[in-house]
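In case you want the letters, here they are:
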Amino acid sequence: MRARKARYLLLVVVIAIGAALMVALSTISVGAKIYVKNQLYQIFPADILIYSNSINIPYAFVSSLRSIPYVQSAEPVVMLTGTLGNKTVTLLGVPLSDIGYFDVELQAGRLPHAGGEAVVESTLGVPLGRDVTIYVYQSSVAPPVKLKATVVGIMSNLLKGFIGPMSLNLVVVPLDWLQQQMGIGDFYNMVFITLKDKSLIQPLAQALKQKYPQAEVYTQQSALSTINRVFNMLNIFFLVIEIIAFLAGVLTTFTVMSITVRERIGEIALLKATGISGRDIALAFVLEVASVGFLGGVAGGVVGYFGALGIKYLLIKLGYFFDVPIPFMPSLFALGVFLSLLVALAGALMPIYRAVTLRPLEILR
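Values in this document were obtained by computation on a predicted structure and should not be read as measured data. All residue numbers refer to position in the chain's written sequence, counted from 1. Two thresholds apply to this predicted model, a pLDDT of at least 70 for residue-level local features and 80 or more for giving and counting side-chain atom pairs, whereas whole-chain, interface and lining totals are computed over all residues. The basis for every side-chain value is the complete set of heavy atoms in the structure, and neither hydrogens nor water enter the calculation.

Another point: the UniProt feature "transmembrane region" (unreviewed entry) in the protein. Residues given the UniProt feature "transmembrane region" (unreviewed entry) here are residues 236-261, 282-308 and 328-353. Secondary structure elements follow DSSP: runs of H or I no shorter than four residues count as helices, runs of E no shorter than two count as strands, and numbering proceeds from the N terminus. Along residues 236-261, the helical share is 100% and the strand share 0%, with 37 Å between the first and last C-alpha atoms. As annotated, residues 282-308 has a helix share of 100% and a strand share of 0%, and its two end C-alpha atoms lie 38 Å apart. UniProt positions are given in the numbering used here, feature names are shortened, and annotations may be inferred rather than shown by experiment.

Looking now at the domain arrangement of the protein. Per the annotation, domain bounds derive from an automatic or database assignment of domains. The assigned domain composition of the protein is domain 1 (1-40 + 226-362) and domain 2 (54-213). For domain 1 versus domain 2, the distance between C-alpha centres works out to 54 Å.

Any pair of Phe, Tyr and Trp rings, taking the six-membered ring for Trp, is counted once the centres come within 6.5 Å. Such a pair is stacked with planes under 30 degrees apart, edge-to-face with planes over 60 apart, and tilted for the rest. Tallying each qualifying case throughout the model produces four aromatic pairs. Centre to centre, the rings of Tyr-305 and Phe-328 are 5.3 Å apart; their planes meet at 80 degrees, and the pair counts as edge-to-face. Of the two residues, Tyr-305 is situated in helix 7 (residues 278-317) and Phe-328 in the loop between helix 7 and helix 8 (330-357); the sequence distance between them amounts to 23 residues. Relative accessibility under 20% of the residue-type maximum defines a buried residue, over 50% an exposed one, and the middle range a partly exposed one, all with a 1.4 Å probe and only protein chains included. Judged by its relative accessible area of 17%, Tyr-305 is buried. Taken together, a centroid distance of 6.2 Å and an interplanar angle of 50 degrees make the contact between Phe-328 and Phe-333 tilted. Owing to a relative accessible area of 48%, Phe-328 belongs among the partly exposed residues under this scheme. Note on Phe-333: relative accessible area 22%, which makes it partly exposed. Members of the aromatic cluster, each reached through a chain of ring pairs, are Tyr-305, Phe-306, Phe-328 and Phe-333.

Below, the discussion takes up helix 7. In a helix, the anticipated span is given by 1.5 Å times the number of residues less one. Counted at 1.5 Å a residue, the expected span for helix 7 with its 40 residues is 58 Å, and the 57 Å between its end C-alpha atoms agrees. After helix 7 finishes, the residue Gly-319 shows a positive phi value of roughly 100 degrees.

Taken over all residues, the pLDDT of the protein has a mean of 83, while the share at 70 or more is 91%. The predictor's confidence in any single residue is recorded as pLDDT, a number from 0 to 100. The contact rule is simple, with two residues in contact once any of their heavy atoms fall within 4.5 Å. Under a pLDDT of 50 for its full length, residues 160-166 has, in the predicted model, 22 contacts with residues more than four places off or in other chains.

In this section: the nonpolar core. The definition of a nonpolar core used throughout is a set of buried Ala, Val, Leu, Ile, Met, Phe, Trp, Tyr and Cys residues joined through side-chain atoms within 4.5 Å. Core analysis: the biggest nonpolar cluster contains 43 residues, and Ile-48, Leu-91, Leu-147, Val-171, Ile-193 and Leu-208 have the highest contact counts within it. Apart from residues lying up to four places away in sequence, Leu-208 is in contact with Ile-48, Ile-50, Phe-61, Leu-65, Ile-193 and Val-217. In terms of nonpolar packing, the next biggest core, distinct from the first, is built from 18 residues, Leu-11, Ile-15, Val-261 and Phe-285 among them.

Further remarks concern a nonpolar patch on the surface. Together, Leu-9, Val-13, Ile-17 and Leu-21 give the surface a local cluster of nonpolar side chains, amounting to about 340 Å² of exposed area. Residue classification places Leu-21 among the partly exposed residues on the basis of a relative accessible area of 30%. Two joining distances apply to patches: 9 Å for like charges and 5 Å for nonpolar side chains (Val, Leu, Ile, Met, Phe, Trp, Tyr), and every residue must have over 30% relative accessible area and no salt bridge. To measure how exposed things are, a 1.4 Å probe is used in the Shrake-Rupley method; for residues, cover is taken only from the protein chains shown. The term salt bridge refers to a pairing of a side-chain nitrogen on Lys or Arg with a carboxyl oxygen on Asp or Glu at a separation within 4 Å.

Glancing now at the pairing of strand 4 (residues 87-94). Burial analysis of strand 4 places six of its eight residues in the buried class, which makes it a mostly covered element. One requirement defines pairing of two strands: DSSP has to find at least two bridges between them. Pairing of strand 3 (residues 71-84) with strand 4, which is carried by seven bridges, proceeds in the antiparallel orientation. Paired with Met-79 across the two strands is Leu-92, which belongs to strand 4. Hairpin connection between strand 3 and strand 4: a loop of two residues separates the two successive antiparallel strands, and Gly-85 in this loop has a positive phi of roughly 65 degrees. Bridging between strand 4 and strand 9 (residues 170-174) involves five bridges; their strand directions are parallel. In the strand pairing of strand 9, Gly-93 is matched with Val-173.

Time to look at the pairing of strand 11 (residues 190-195). For strand 11, the buried fraction is high: six of the six residues fall into the buried class. Here strand 11 shows no split at all, with Met-190, Phe-192 and Thr-194 on one side and Val-191, Ile-193 and Leu-195 on the other all buried. Bridge count between strand 1 (residues 48-51) and strand 11: four bridges; the pairing is antiparallel. Residue pairing across strands places Leu-49 opposite Phe-192, the latter belonging to strand 11. With six bridges joining them, strand 3 and strand 11 adopt antiparallel strand pairing. If you follow Val-71 over to strand 11, its bridge partner there is Leu-195.

Okay, structure coming up:
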């Protein structure tokens, strides 16, 4: 009896490992997908983004976009790379009239009201009121353009999360002032487009690609599709691991139940000799195995969920940015219990069949 209990305990552990792996990996995958999508919505708030390596998108093009009935907004931006002291910065020129669209989250100070005023990211460590000099390199042979600005605000976030988890050392200045200082006229290299009718995103994106073949045209939908493909491939890899774990559970169940049936062969013969039907004997074994599978599934679900939480906090403690949500999903927990029951029954099917098909005289012989 003691050996039988030990074998059943081992069987519970093996089944629980399979269920725990499934729950933990699936929960982490779902949480990571939610996190990445949320970051995409923050980093990419527009339906369509046009970006050109050169500052060659004219104002007339932006004006024509705004005149389209189904276009809600078209916000032009000039984005350049420069240096401030010994740090590389991303210089962003945004229109003051529509600065609310970019959702600047200030820690201190105010937004720029006129040319020569700037809002800087807090990572630059520049205090309010400081005059700063930014050097912008337009090419490898031309001398840098020297821009002087006064810091009037310090921000922690921009463009509904454009900074995201990484720092870009952003410096935000008025668009018209930046164009004047750089001598680029009414030209831009980035436009954020938001549509009223989301079904027209792809047609407009195709038309923009034809209009400006030298520019990159991105859509939020295409980015989401890429994310889904990446996570689908990751889930296939996780599925292989889960299948291996559950197959181990099936083999373990088969071995344990084969030994159990062999040990209880005399008991089975006695039951049959007293008139107990094979169906009732099979049902008794099935209930026994199902109880083991159910316990393994419940234990595995609990361990898997808290294991996913433990992995998250361990990675954060080690300094990795892994602040993803770990949602508790009852449907996933129920699936783990169901698969555990299925694994236990699948592994026990052959030994139980052999037990109920033996004749008492054959057992005694």
